[in-house]
Amino acid sequence: MAPSRQTDEEWNEEKRKNQNYDQRYTTYDESEKKGCSKCIILFVFLALLGGGAGAVIGIFGLEKVKSWVGLGSAEESTTTGTADGDGDTPTGDTPISYAFSQCPATGDCCNGLESNCDLKVNEVLYATVHNANHDNRTAFSNNILPLEDALAAGYRGLMLDVCKCPKNENDQNALEITFCHGQCGFGPRDPTEVFTNINTFLNDNPNDMLVVNFELSLNNPTAAELWDVIGAVNGINSKTYDYQGGTWPTMKQMQNTNKQLIIFEHSGPSCTDNPTLCVSNIQSFHDFTLETKYAFNSVAEVEDENNSCVGDRGTAGTEDFYSINNFVANSLLTTPSMEGSEVVNEKSFLKDRLAGCEAKTGLKANFVNVDFWHLGDVIEVTQEENKLRANA
């Protein structure tokens, strides 16, 4: 059964008021519970450090340590552009001022540019949110703001982690498909809710398409189990492109056939060995995509093109797509580094990275995967690069 949604009249009224897409997710009953849970995580972390806790705080400062678990200051929480101060309810705004859509009033338009329409889907660059389900509602997040706001800003690629977690705390053996990051309770999102929001977004943006890349993660979820959930969302099945081999379609061909989603997965079971665990609507990412390494502990490691641009996964695939990971982890905790993203998401850094990786591999990037998507110039660089490709 399709999930309940607002009526068209209610949605249109909200859209007129906001002109954007506020996030529809289940909030905590009391916002204090979220802040308290992060405090507990901080205390546990410091306790595990034991006698080294003082040294860590002395070296990095308490505010830095707090930021590692998502306990930023009130000022930080209210300057992101979408939070209302308590971090629970976004306003639907976006902190990115660059205009993603630059199409003429009449004529073709594909992902914000008329010139994109003649490009094949594997010739386009997609600004992509890494671990898009993990925003600042839980600790150690890759992003401050929700994925719905990223779509409004112009991101057209989402990386989501799929888990099987207990339906309720009283029955740990009854598992259900959900989104989480590494462990149940970190980065949790309801897949039905997320894809209901995505379907609404695509309905309101018929000229746009998204690429979604699922990591099949905790407790061995399968593509078939995932599709049973998201494919049941009204509109998702009809919008999903079912690749049957050969040349990938152009953006305009996708549009003409009302296809707005390409869905991949990685880290799941082999479809060759276990075909019943797979579905044709969800393709194996590394069968078609060369992906760079993803573990960088400093900006310098990202800058090292001999290491950061070469293929790490997908080396035996067709290399129809090329995926560049562009994020940094804190070297001490290997948690996402906002300071690193401030550097690697910046315009000149990104342009140099795209050019350097192309020179190193001979491949043009299709996905530039970033943390803390609200920082930097990722959308601007993406659209400028796509204009160059169309005019080449």
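(A) The confidence of the model for the protein, seen in detail. When pLDDT is averaged along the protein, the result is 83, and 76% of the positions lie at 70 or above. Counting contacts from residues 1-8, a segment whose pLDDT is below 50, to residues more than four positions away or on other chains yields 10 contacts.

(B) Quick look at the packing of helix 15 (residues 347-361) against helix 16 (residues 378-391). The contact between helix 15 and helix 16 brings their axes to 9 Å, and the two run at 40°. In terms of orientation, helix 15 and helix 16 fall into the oblique class. You can see that helix 15 and helix 16 cross each other, and the crossing is right-handed. In this structure, helix 15 contributes Lys347, Leu350, Lys351 and Leu354 to the contact, and helix 16 contributes Val378, Glu380, Val381 and Glu384.

(C) Quick peek at unusual backbone geometry. Notably, Asn131 is not glycine yet its phi reads approximately 45°, a positive angle. Backbone geometry at Ser267 places phi at a positive 75°, although glycine is not the residue there.

(D) How the structure looks around the pattern of salt bridges. If you walk through the whole model with that rule in mind, you get 10 salt bridges. Residues Lys347 and Glu380 are paired through a salt bridge, measuring 2.9 Å at the closest nitrogen-oxygen approach. Highlighted residues: Lys347 in helix 15 and Glu380 in helix 16, separated in sequence by 33 residues. By relative accessible area, Lys347 is classed as partly exposed at 24%. What makes Glu380 buried here is its relative accessible area of 18%. One salt bridge connects Lys364 with Glu358, and the closest N-O pair in it is separated by 2.9 Å. Given the relative accessible area of 43%, Lys364 is considered partly exposed. When salt bridges with common partners are traced through the structure, they connect Lys347, Glu380 and Glu384 into a single cluster.

(E) Just the pairing of strand 7 (residues 289-292), in detail. The alternating pattern of strand 7 places Thr289 and Glu291 and Leu290 and Thr292 on opposite faces, both of which are buried. By the bridge criterion, 3 bridges tie strand 7 to strand 9 (residues 321-325) in an arrangement that is parallel. From the neighbouring strand, Glu291 faces strand 9, where its bridge partner is Ser323. Sheet analysis places strand 7 next to strand 8 (residues 311-313), joined by 2 bridges and oriented antiparallel. Each bridged residue has a counterpart across the sheet, and for Glu291 the counterpart in strand 8 is Arg313.

Conventions and cut-offs
Residues numbered from 1 in each chain as written. Predicted model: local features only at pLDDT ≥ 70, side-chain atom pairs only at ≥ 80, totals over all residues. Heavy atoms only, no water. pLDDT = per-residue confidence, 0-100. Contact = heavy atoms within 4.5 Å. Axes fitted to C-alpha atoms, helices over the stretch in contact; angles between N-to-C directions. Helix = DSSP H or I, 4+ residues; strand = E, 2+ residues; numbered from the N terminus. Parallel < 35°, antiparallel > 145°, perpendicular 65-115°, else oblique. Left-handed = near helix turned anticlockwise from the far one by under 90°. Salt bridge = Lys/Arg side-chain N within 4 Å of Asp/Glu carboxyl O. Buried < 20%, exposed > 50% of the residue type's maximum accessible area, 1.4 Å probe, protein only. Pairing = 2+ DSSP bridges.

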